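# Per-entry structural report
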Amino acid sequence: MKRFLLIFLFCLWGWGINVWAHFLVLFPEKDLVSFPTRNLEIRIFFTHPMQGGPAMDLERPLKVGVWVRGKHFDLSQGLKEIKWPLYAPWRGEKSSQKVRAWQFTYQFKRPGDHIFYVIPTPYFEPSEEVFIQQITKVIVNAFGAETGWDVYLGLPIEIVPLVRPYGLWAGNLFCGLVLKNGKPLSGAEIEVEYLNDGSVKEVSGPFVTQVLKTNQAGEFCYTIPWAGWWGFAVLSEGKPLKKDGREYPLELDAVIWLRAYPSPVGR
Ligand SMILES: [Cu+2]
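Residue indices follow the written sequence of each chain, beginning from 1 at its first position. For a predicted model such as this one, the threshold for reporting local features is a pLDDT of at least 70, and the threshold for listing and counting side-chain atom pairs is 80 or more; totals across whole chains, interfaces and linings nevertheless cover every residue. As a rule here, side-chain values come from all non-hydrogen atoms in the structure, and water together with hydrogens is ignored.

### Quick word on the coordination of the copper ion
The cut-off we apply is this: Sites may look incomplete, because water is not among the atoms used; the donor set itself consists of N, O and S atoms within 2.8 Å of the metal (3.2 Å for Na, K and Ca). Starting at the N terminus, helices and strands are each numbered in turn, a helix being any DSSP run of H or I of at least four residues and a strand any DSSP run of E of at least two. Per-residue accessibility, obtained with a 1.4 Å probe over protein chains only, is compared with the maximum for each type, and a residue is labelled buried under 20%, exposed over 50%, and partly exposed between these values.
Looking at the copper ion, one finds its protein donor set to be His22 (ND1) and His48 (NE2), positioned 2.4 to 2.5 Å from the metal centre. Placement of His22 in the loop between helix H1 (2–12) and strand E1 (23–27) and of His48 in the loop between strand E3 (39–47) and strand E4 (63–68) is noted, with a sequence separation of 26 residues between them. The two residues His22 and His48 agree in class, both being buried.

### Observations concerning the state of the cysteines
Applicable threshold: Criterion for a disulfide: a pair of cysteine sulfur atoms within 2.5 Å.
Per the counting criterion, the structure on display carries one disulfide. Linked covalently through their sulfurs, Cys175 and Cys221 form a disulfide whose S-S length is 1.9 Å. With the S-S bond torsion at 105 degrees, the cross-link from Cys175 to Cys221 turns out right-handed. Here Cys221 lies in strand E17 (residues 219–223) and Cys175 lies in strand E13 (residues 173–180), a separation of 46 residues in the sequence.

### Considerations on the sheet that holds E3
Cut-off, in case you're wondering: Any two strands with at least two DSSP bridges between them are considered paired. A fitted line through C-alpha atoms serves as each axis, taken over the contacting stretch for helices, and the angle formed by two N-to-C directions is quoted from 0 to 180°.
One open sheet accounts for four strands, arranged E1-E3-E7-E6; its pairing is antiparallel. Bordering the open sheet on either side are E1 and strand E6 (80–85), each of which pairs with just one other strand. This sheet shows a mean twist of 30 degrees between the axes of neighbouring strands, independent of strand direction. Sheet topology places E6 next to strand E7 (residues 98–107); six bridges connect them, and they run antiparallel. Paired with Trp84 across the bridge in E7 is Val99.

### Some points on the nonpolar core
Threshold: Note on terminology: a nonpolar core comprises buried Ala, Val, Leu, Ile, Met, Phe, Trp, Tyr and Cys residues joined through side-chain atoms within 4.5 Å. Contact between two residues is taken to exist if any of their heavy atoms lie within 4.5 Å; hydrogens are not considered.
By size, the foremost hydrophobic cluster in this structure holds 41 residues, and its most contacted members are Phe232 and Val234. Residue assignment for this core shows that the elements contributing at least two residues are strand E8 (112–119), strand E10 (130–142), strand E11 (157–161), E13, strand E15 (189–194), E17, strand E18 (228–234) and strand E21 (250–261). Here the element with the most residues in this core is E21; it accounts for six residues. When residues no more than four places from it in sequence are discounted, the contact partners of Val234 are Ile157, Ile159, Val178, Leu185, Ala188, Glu189, Ile190, Leu252, Asp253 and Ala254. Ranked by size, the runner-up nonpolar core spans 39 residues in total, among them Leu58, Leu75, Trp102 and Val255.

This is the structure we're talking about:
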């Protein structure tokens, strides 16, 4: 446990110059789908969202799926590799270096809550000598029917929303329940970051990543301070993995993404 913590601290507080909390991003661009929209391009990339990079090279995910009205659909076949810039364009970095990211198209056929999830291939971070696997969820509501945003999918580690995770205002409180192997995970660290579109600059130190913990019941709450996409990552320890005959710790995390909207004009 101590070793795991030490490794984790390196990553968070500056092993590299720009290395902060990493998040797998499952990005549908819209949290609400309404006519005439039928298709969404959903992207999967691995980065440090508030800082706009550096992005990390992502191997083909083990599985991508969606839950709709009680049914699971495997979307892994539709995954396409895309090139992702090391730094978000708003950073203005000269580097043209690209890493692998993934994309799939989803056609919405029925009204209801769509819980998209990705199980990535564990990522080996050489500077920290640790594997990282972030099982990530995002919920898209289609055509107005609210049918199961709070469903527990039974992923190895999962954040189950206690607050409807779409149609949120900036300033709303978001709460979630963390389940690991189906049991509430108490005392776990949650990292929160804004998916920076370049509108927030000059953020540094503890402002990059907000940090909170789950209570005895495995729940947490956070007030979303401004509009945009926000990621919540719960950190936990998985079973160590082998690479070249050596065992390395696995950071097994759950991530959820949601979008908050600006307050109405005049409010
Ligand atoms: Cu990192």
